[in-house]
Each structure stands twice: as structure tokens, then as C-alpha cells.
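# An overview of the molecular structure
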Amino acid sequence: VRRQDIDLKRQIIQIQDGKTRRYRNGQANIRPLHESLVKYLAAWFAAKPGQPGDFLCPLLASRDCHLLAAKFDQLLSQAGIDRQAIRTARGQTFYGKSLYSFRHTFRVLFQAGGATLEQAKLEMGQTSDAASRHYEHDADSRLMELRRQYLDRLPDVLTATPESR
């Protein structure tokens, strides 16, 4: 993501999905930004002036998704966060906390919020129904209603901005 991809006045970000880029003719998806993130980015941009083409995270810009996932795992370990390793009967190891688990959690919560399959495909950058349905293994309507009730009780997430530190 580059600075030019973020419009603080309109509170949006333009994202071009890497996996499906070749199928979408280079079209970027526009997403809203949470007001806490807008405040944080505005303070950060003011404190660290740069050019529109500058990457927000230059050290991560040239890495592929596998290297980013490995770096994320490394950060979790350095922060002392238990990644919750799960060993399967086939001897494979999966982790309850990983970059993929955040993506998976987002998709499930997006569906819990009432998103349709088409909306979910667009949001996740998927081109096939099968890829999107991979996240629907627990889409029981009763469970989804319980999740909605739980989500409605969650407090807003507060974030520290550079000026509040």
C-alpha cells in the first residue's frame, strides 16, 4: 500500500488484490477506513512527510505473501504470543494464530454481519464461489445469530495515535 492509495478526506483506501490482479484488469477495490485509523494515519503522515508513491511499510513492500506470513509469525513469537500449534493426525502443524487466521476470522465476521456470497468474494478478492465458500464451514444460521449478538456487545476498539504517546 502506498500513500497515494489512501484518501484521508474521503476516509478510503484503494486496494489492488495481488492474487486476482490479472483477472480484474488492474482495477482497484475501494474500502472505507475506520475513523481511528484515519486519525492515526493523519498524525503519522504529518509527523513523517513523504511522497505519494512511498510505501507505508517499505520493508514489507517487496516481500511475497509467504514471506509476509513468516514475518508475521516471527512478530507473534517475539511478542510472546502463543501461536496455538495444532498437530493433525497426518503430522501437519497448523496454528490457531497466524496471518491466515486473521483473514479467516475477518471473513467469518463479515458473513456474521450479513454479507452475501458475492459481497464476500469481492471483499476477499476471490474469483470463485468455491474459494469463498471455504470460509462457510460454520455458517449455521443459529450460530451466526449468536455471533451477531456477541459482536453487538463488543466495545469500540481504541487505538493509540502518535500524538497520544
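To keep things clear, this report deals only with the structure shown in the data block. In this text the structure is predicted, and so the values were computed from the model without any measurement. (Residues numbered from 1 in each chain as written. Predicted model: local features only at pLDDT ≥ 70, side-chain atom pairs only at ≥ 80, totals over all residues. Heavy atoms only, no water.)

## Points about the overall build of the protein chain
Scanning the protein chain for helices and strands turns up 6 helices and 5 strands. Along the protein chain, helices (α) and strands (β) appear in the sequence β-β-β-α-α-β-β-α-α-α-α when read from the amino end. Counting across all 165 residues of the protein chain, residues that qualify as buried make up 24%. Nonlocal contacts in the protein chain, meaning residues at least 24 apart in sequence, comprise 49% of its contacts between residues at least 6 apart. Here the protein chain displays about 12,100 Å² of accessible surface, and carbon together with sulfur accounts for 55% of that area. (Helix = DSSP H or I, 4+ residues; strand = E, 2+ residues; numbered from the N terminus. Buried < 20%, exposed > 50% of the residue type's maximum accessible area, 1.4 Å probe, protein only. Contact = heavy atoms within 4.5 Å. Areas by Shrake-Rupley, 256 points an atom, 1.4 Å probe, with all protein chains shown as cover.)

## Examining the sheet that holds strand β1 (residues 6-7)
With antiparallel pairing, 3 strands are arranged side by side in an open sheet as β1-β2-β3. The sheet is open, and its two edges are formed by β1 and β3 (29-32), each paired on a single side. Strand direction decides the pairing type here: β1 and strand β2 (residues 12-15), joined by 2 bridges, are antiparallel. Paired with Ile6 across the two strands is Ile13, which belongs to β2. (Pairing = 2+ DSSP bridges.)

## Some remarks on the side chain of Ser98
Residue placement: Ser98 occurs in the loop between β5 (93-95) and α3 (99-112). Its relative accessible area of 12% is what places Ser98 among the buried residues. Setting aside chain neighbours within four positions, we find Ser98 in contact with Phe72, Asp73 and Leu76.

## Let's talk about the packing of aromatic side chains
Considering all chains together, one arrives at 2 aromatic pairs under this definition. The interplanar angle of 20° and the centroid separation of 5.6 Å between the aromatic rings of Phe106 and Phe110 together place this pair among those described as stacked. Linking Phe106 with Phe110, this pair stays in helix α3, spanning 4 residues, or about one helical turn. On the basis of relative accessible area, Phe110 is assigned to the partly exposed category, the value being 24%. (Phe/Tyr/Trp six-rings, centres within 6.5 Å; stacked < 30°, edge-to-face > 60°.)

## Quick look at unusual backbone geometry
Note: most peptide bonds trans; most residues except glycine with negative phi. With a phi angle near 60°, Gln11 is a residue other than glycine that sits in the positive phi range. Relative to the helices and strands, Gln11 resides in the loop between β1 and β2. On the basis of relative accessible area, Gln11 is assigned to the partly exposed category, the value being 34%. Despite not being glycine, Gln84 has its phi angle at roughly 60°, a positive value. By the secondary structure assignment, Gln84 is in the loop between α2 (65-78) and β4 (85-87). Assessed through its relative accessible area of 39%, Gln84 is described here as partly exposed.

## Concerning the nonpolar core
Counting residues in each nonpolar core, the largest one holds 7 residues, listed as Ile6, Ile13, Leu33, Val38, Leu41, Phe45 and Leu56. Examining the composition of this core, we find that 3 residues originate from one element, helix α1 (residues 35-47), more than from any other. Contacts of Leu33, omitting those with residues within four sequence positions, involve Ile6, Gln11, Ile12, Ile13, Val38 and Leu41. (Core = buried A, V, L, I, M, F, W, Y, C linked by side-chain atoms within 4.5 Å.)

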